[in-house]
Amino acid sequence: MSLDDKRGKGLSFTQMGIEDNNMRNGRGLSDQWADTVVVRPRTTERHITVHKKLVLGFAISILTLIIVTAIAVLLSVSFEDCAVAESSSRAGNSTSTKPNQSRDGNFNHRDEDSQPWRHLRLPVSLRPRHYDLRLSVYMDNFTFSGEVNIEFECVNSTKFIVLHTDRLEVEKVVVYSDNKKPGVMRIHRQFHYPSNQVYVVALHREMKPLRTYKVNITFEAQIENELLGFFRSSYVLHGERRYLAVTQFSPTHARKAFPCFDEPIYKATFRISLKHEASYLSLSNMPVENSVTDDEGWVTNHFSRTPRMSTYYLAWAVCNFTYREALTDSGVLIRMYARPNAILSGSGDYALQITKRLLQFYEDYFKVKYSLPKLDLLAVPKHPYAAMENWGLNVFVEQKILLDPEISSFSYQMDLTMVVVHEICHQDYLMTHMYGNAARDDLWNKFSEAMQREGKDINIKEVMDRWTLQMGYPVVTISKNETLGHAVTIAQEHFVYDMDAKMRDPELANRSFQWHIPLTLAVGNSTHLSPESIIWVSNKTETHKVGPIEEDTWLLGNINQMGYFRVNYDLHNWRLLIEQLMNNHAIISIGNRAGLIDDVFNLARAGFLPQSVPLQIIGYLPQEKEFLPWHAASRALYQLDKLLDRTEDYSLFSDFVLKQVAPKYHKLAWPTTSPDGSFMQAAYQAEELQREVIMLACSFGNKHCHRQAVSLISDWISSNKNRIPPNVRDIVYCTGVSLMDEDVWEFIWMKFHSSTAISEKKVLLEALTCSDNSFLLNRLLNLSLSSDLVPDQDVIDVIIDVGRNPHGRHLAWRYFREKWDILNARYGEALFMISKLISGVTEFLNTDAELSELKDFIQNSSGGGAVAAFGRAVEIVEANVKWHRLYERQFYQWLRKSPNG
């Protein structure tokens, strides 16, 4: 996962849509750098006779001390860095003080530029060219020692070498000159500056521009039991716990593994050597160049030199995995590494073949050859992200890369395929910027050049800056112009779910958001839809001629949802669109039908439309045969469900949904088996539609769906043979656990432990969160966090899934608050994971009391790096509360009067 994918983008809730696809019952699927205070032991009081001369001498001493102190201040003698250096040792980020090191780490400079370690970014005086990194990895006590040789070029004269280090204990530093007078350069002082995670080496004389130097650093550190830097993981094989160690350096965590210039702009080549016990194997970005085994049974693997790249793409692993391999037509060796039992069962074969096909596709279609001699895929039990596209060594969390095709659903296979495709696509470089940095404007300039070659003079940068440099996206409102015939009025505004939240933020309230919008527009009636036309919308309000518009014709914008914006219409146009869907929905394309549903629910959620409009529009769903519109509807309905399931009139809503779902549910039925007992597969879209409808039916209480799920679970328990079709297993497991007794929960728990299929374990674990029994849910939460029975990667998902269960929502919220310090300590540096957790356990809060509870918790807890995530959580809950206050009554009033209700 690369920097641009971290993969949250900083958008607040008020600028982005709420999208989820979850079942109702669980899932559808004090300052640390402060000085220490030393207090002298108290002595017994006694009377002392003091001679006058002694008093005079004491006074003179005090006066002398004051004068000396004043002189010291004037000379800017500061001891601030002493406190920093000592506090770093107390904080566990210690760096041993050697004879040539200064404990105060201070240089008496008045100019801030002479203290470059105080800046958040590294100084630009030095530029790395090559790293030689040698590591010895000790898996018995989870430590490693290392030596790194960094060759760098001096760009501007400087005495300082400032490198990133975090949690490394530096043993020795030597600096060499590679110039006309080679040799060791004298070090004046060296110290660790923890607040910026840097290590500073100050030389006696300056390094000169255009000359190269080397710094050699020996160090040691822990292989951490967390998910960033060089961390450890484990799994159980034949009753024995085995360990592995792997890296995750993106975005800025290479500094936890070795001293380096840990910013993406500093690219260099790397040569890695890994020494470890012979019972392990090691992997890195490049192939092994040679391997040496010593007399004590230790192996040292020397890997080939890498191309120039940023530190966050560097990777290595030490494990006792096995592999399967494939070879592309052009000779690229692909290997899938995983725990031995997973490789033996073939769980990695699907991903291996998908990767081979994808590389060949890029070579054949785009004429882009993969530029390294090998590509390793590594499946690890825990990882902070779904995957990371380290060049030549892609690391995946097991659940996203391993599957058993016989028991994995189409949805699971599709998710895996998309993860693999996403990571392999990163393996970009555009030829113009190969091994360099491509800035935003470089891409826009290339697009503009391409447009100009086609005779179109469009400034892509001017268009795109409105989209990339402004937060959020617009809503475009299209209305018939009553005063000008055959014309429409088009208005744009910033789409937010809670305008009050925007107005409370001065920065947002005072900004005028505008975009250059390529709006595609068509005009239709009961029998015909015109060809689309493109209108560029750049102003807040514009009027455009579009051709004949009659009383019974309707307008349709953003054809096939190609633009990144929402579209609204006047109420008359919405009524015409609803009539068209009810009478002949095929006139409107599948993509547009899905888009209309998605837009109308979100527009109503934000108060742009009456609450009845989205409910009217899905009245046509019993006639809908395609997956995408149903999928759009289900996502919207599950979001409404989270808002409504604790309201008094909830049954009005659930009954309404079931009446829309029932005809399609009974028509599609359940997946069937062939005479030989195998599961009959349909086309992907057909299977996904069937799954979507079954999920809705079971989630909202269809009795036939419940009976079918209970029957399938009962058959599995009695026969100990799982005949549940893979594509609906998660639905059946969840429904069974929610409806049946505690014995079923224990049965699923047992199967979770005994199953060796990673994809199946994930589904079984999710099912355990669907119970209506608070005791069982609390037990699961405690087991997940306090034992190693549940992989670390799944702990957060368990808490979130319990929260999505109406019977576990307050339990999950309370558990989150009680265990926040533990959770924050374990996952806090992996902001993606901690943000996901915060969002998951707060998204269902929707009362004034819960909002106050959330704000009190935030105020009284240490948010750390999760401050932004807590801010977004408050926005979400405020919008939930506002919706109930303004729209709940209107919503239920329509349902009471609706003929479909």
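Here's a quick rundown of the structure.

1. Overview of the overall build of the protein
Helix and strand content of the protein: 26 helices and 27 strands. Per-residue burial for the protein yields a buried fraction of 53% across its 901 residues. Surface accessibility of the protein: about 41,000 Å² in total, with carbon and sulfur atoms responsible for 53%.

2. Some remarks on the pairing of strand β18 (residues 374–380)
For β18, the tally of buried residues reaches 7 of 7 residues, placing the bulk of the element in the interior. Here β18 shows no split at all, with Lys374, Asp376, Leu378 and Val380 on one side and Leu375, Leu377 and Ala379 on the other all buried. In this sheet, β18 lies alongside strand β17 (residues 333–338) in parallel orientation, the contact comprising 5 bridges. Bridge pairing links Met336 to Leu377 in β18.

3. Quick notes on the state of the cysteines
Taken as a whole and assessed by the stated rule, the structure comprises 2 disulfides. One disulfide bridge connects Cys698 with Cys705, the sulfur atoms lying 1.9 Å from each other. Judged by the sign of its S-S torsion, about -95°, the bond between Cys698 and Cys705 is left-handed. Since its relative accessible area comes to 0%, Cys705 is described here as buried. Note that Cys734 is cross-linked by a disulfide to Cys770, the S-S spacing being 2.1 Å. Residues Cys734 and Cys770 are joined through a disulfide that is left-handed, its torsion about the S-S bond being -105°. Here Cys770 lies in the loop between α19 (758–768) and α20 (774–786) and Cys734 lies in helix α17 (residues 729–739), a separation of 36 residues in the sequence. Both residues of the pair, Cys734 and Cys770, count as buried. Take the cysteines of the protein that form disulfides and number them in order along the sequence; they join up as 1-2, 3-4.

4. Considerations on a nonpolar patch on the surface
On the surface, Phe361, Tyr365, Phe366 and Val368 cluster together to form a nonpolar patch covering roughly 430 Å² of accessible area. On the secondary structure map, Phe361 appears in helix α4 (residues 349–365). Given the relative accessible area of 40%, Phe361 is considered partly exposed.

5. Quick word on the side chain of Ser755
Structurally, Ser755 can be placed in the loop between α18 (742–754) and α19. Reaching out from Ser755, the side chain makes a polar contact with the backbone nitrogen of Ala757 at a distance of 3.3 Å. Discounting chain neighbours no more than four positions away, the residues touching Ser755 are Glu760, Lys761 and Leu764.

6. Comments concerning the pattern of salt bridges
One pass over the full model with this rule turns up 39 salt bridges. Across the pair Arg324 and Asp349 runs a salt bridge, and its minimum N-O distance is 2.6 Å. Note that Arg324 is positioned in strand β16 (residues 322–327) and Asp349 in helix α4, a separation of 25 residues in sequence. Classification of Arg324 by relative accessible area gives partly exposed; the value is 31%. Relative accessible area serves as the criterion here: at 28%, Asp349 is assigned to the partly exposed category. Measuring nitrogen to oxygen at the nearest pair gives 2.6 Å for the salt bridge that ties Lys374 to Asp376. Per residue, the accessibility class of Lys374 equals that of Asp376, and both read buried.

7. Observations concerning the nonpolar core
The biggest cluster of nonpolar side chains holds 159 residues, and the ones touching the most others in it are Leu378, Trp574, Phe653 and Phe816. If we ignore the near neighbours within four places in the chain, the residues touching Trp574 are Val567, Asn568, Tyr569, Leu596, Val600, Leu603, Leu609, Val613 and Ile617. Phe142, Ala257, Tyr266 and Met388 belong to the second largest nonpolar core, which has 91 residues in total.

Rules used throughout
Sequence order sets the numbering: in each chain, residues are counted from 1 along the sequence as written. Selection of residues for local features in this predicted model requires a pLDDT of at least 70, selection of side-chain atom pairs for listing and counting requires 80 or more, and totals for whole chains, interfaces and linings are taken over all residues. Note that water and hydrogens are dropped before the side-chain values are worked out from all heavy atoms of the structure. Only DSSP runs of H or I covering at least 4 residues are called helices, and only runs of E covering at least 2 are called strands; the numbering of each starts at the N terminus. Only protein chains enter the calculation, and the probe is 1.4 Å; a residue is then buried if its accessible area is under 20% of its type maximum, exposed if over 50%, and partly exposed in between. Only the protein chains shown count as covering a residue, and every accessible area follows the Shrake-Rupley method with a 1.4 Å probe. Two strands qualify as a pair provided that DSSP identifies no fewer than 2 bridges between them. The definition used for a disulfide is geometric: two cysteine sulfur atoms within 2.5 Å. A patch consists of residues whose relative accessible area exceeds 30% and which take part in no salt bridge; residues with like charges are grouped when within 9 Å of each other, and nonpolar side chains (Val, Leu, Ile, Met, Phe, Trp, Tyr) when within 5 Å. A pairing counts as a salt bridge when a side-chain nitrogen of Lys or Arg comes within 4 Å of a carboxyl oxygen of Asp or Glu. Here a polar contact is taken to be a pair of N or O atoms separated by no more than 3.5 Å, where protein atoms must pair a possible hydrogen donor with a possible acceptor and residues adjacent in sequence count only if both atoms sit in side chains. Contacts were defined at the residue level, with two residues in contact if any of their heavy atoms lie within 4.5 Å. Throughout, nonpolar core names a set of buried Ala, Val, Leu, Ile, Met, Phe, Trp, Tyr and Cys residues whose side chains join them through atoms within 4.5 Å.

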